[in-house]
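# Residue-level structure breakdown
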Amino acid sequence: MSYVDFILNLAALLLWINWRSLPFDPFTKRTPATLVGTLRRAAPSRFRRWHLLAAIGALLLVRALFYWQIGSAVSWVGQLDLGVISPQFNSKWPDYILLFSVLSFALTLGTFYLSLLLLSILNNPKAADPSPVHRLIKTQLGGLDDWPRWAKASAPFAVMATLWWLFSWWFEWLGIIPPFVSPWHRIEVALVIGLGVYPAWKFIAGGLLVLRLLNTYIYFGKHPLWDYVNETSETLLRPIDAIPLRLGKVDFRPVVALGLVFGLASGLESGLVWLYGKLPL
């Protein structure tokens with residue numbers, strides 16, 4: 001069931017990406033001042049943006065019904081992995097599993113935007129002509145891409161901590177999580193969960209460094225993607241530039257940076273688990 005949930009979340013995510021990208025489709029703008037603007041579709045399209053949102057809503061509802069019917073028969077319990085805590089939703093209760101269906105997609109959507117936010121932070125904000133790859137990222141982030149780096153870096157913590165603080169009241173009322181011992185305890189847990197979003201950056205950062213390493217020694221041809229990988233990963237490598245990690249034509253910086261990224265992420269995860277265990281329960 002967990003694999004089914006993952007695949008359906010990806011399907012809903014693709015619908016969301018299309019919904020965000022549709023206003024930037026050159027065939028929908030039809031600007032007569034450009035060559036593309038003179039093109040017309042062969043047949044009139046009845047497709048609208050709200051159809052994509054409706055499809056996402058239908059998908060989340062149908063899969064909640066599926067979890068209710070099939071999951072309850074096999075005693076399956078939905079879990080939201082929030083790092084130090086994993087709220088569980090019993091599939092025997094339709095309202096609980098519908099809430100899980102919505103929140104599971106919301107978590108996937110948040111992880112997607114968290115990854116894009118890191119790429120936006122690593123990108124050169126002073127570039128006169130943004131990369132075509134980054135223009136695709138800006139399509140999804142919108143005005144958030146123009147925020148200062150410090151604001152973009154602190155936004156995931158602020159958003160996650162606030163959302164958990166709000167939802168914790170509902171989860172506590174539903175009996176999904178144990179009651180808090182005090183208002184301050186609720187805030188402490190929210191702060192820990194807010195910090196827990198940052199270790200997820202290790203995957204996108206690690207992917208960039210691996211691609212940088214491959215592109216250094218294997219020629220994949222000229223493509224904007226590789227230029228973007230090299231430029232963006234250079235920001236990750238900058239903190240260790242002062243360390244002599246080049247031996248002739250061999251550059252060990254991506255390997256060292258990869259170890260540092262996963263080491264720091266693992267250390268932060270372990271520290272948060274320890275800190276959460278020290279909180280009064």
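Below you will find a few notes about this structure. (Residues numbered from 1 in each chain as written. Predicted model: local features only at pLDDT ≥ 70, side-chain atom pairs only at ≥ 80, totals over all residues. Heavy atoms only, no water.)

## Looking at the overall build of the protein chain
In terms of regular secondary structure, the protein chain is built from ten helices and four strands. Mapped from its N terminus to its C terminus, the protein chain presents α and β elements in the order α-α-α-β-β-α-α-α-α-α-α-β-β-α. Burial status across the protein chain gives 36% buried among its 281 residues. Sequence separation of 24 or more characterises 68% of the internal contacts of the protein chain that already satisfy a separation of 6 or more. By element, 71% of the accessible surface of the protein chain is carried by carbon and sulfur atoms, the whole surface being about 16600 Å². (Helix = DSSP H or I, 4+ residues; strand = E, 2+ residues; numbered from the N terminus. Buried < 20%, exposed > 50% of the residue type's maximum accessible area, 1.4 Å probe, protein only. Contact = heavy atoms within 4.5 Å. Areas by Shrake-Rupley, 256 points an atom, 1.4 Å probe, with all protein chains shown as cover.)

## Overview of the pattern of salt bridges
The tally for this structure, following the rule as stated, stands at eight salt bridges. As a salt-bridge pair, Glu269 and Lys202 come within 3.5 Å of each other at their nearest N and O atoms. Separated by 67 residues along the polypeptide, Glu269 in helix 10 (residues 253–278) and Lys202 in helix 8 (residues 201–217) bring together distant segments of the chain. The class for Lys202 is buried, based on a relative accessible area of 12%. Of the charged contacts, one joins Arg253 and Asp241 as a salt bridge, the two residues approaching to 2.5 Å between their closest N and O atoms. (Salt bridge = Lys/Arg side-chain N within 4 Å of Asp/Glu carboxyl O.)

## Some thoughts on the packing of aromatic side chains
In the structure shown here, the tally under the stated rule is 13 aromatic pairs. Between Phe89 and Phe100, the ring centres sit 5.7 Å apart and the planes meet at 45°, which makes this aromatic pair tilted. Placement of Phe89 in strand 2 (residues 88–90) and of Phe100 in helix 4 (residues 94–122) is noted, with a sequence separation of eleven residues between them. We note that Phe89, like Phe100, is buried. (Phe/Tyr/Trp six-rings, centres within 6.5 Å; stacked < 30°, edge-to-face > 60°.)

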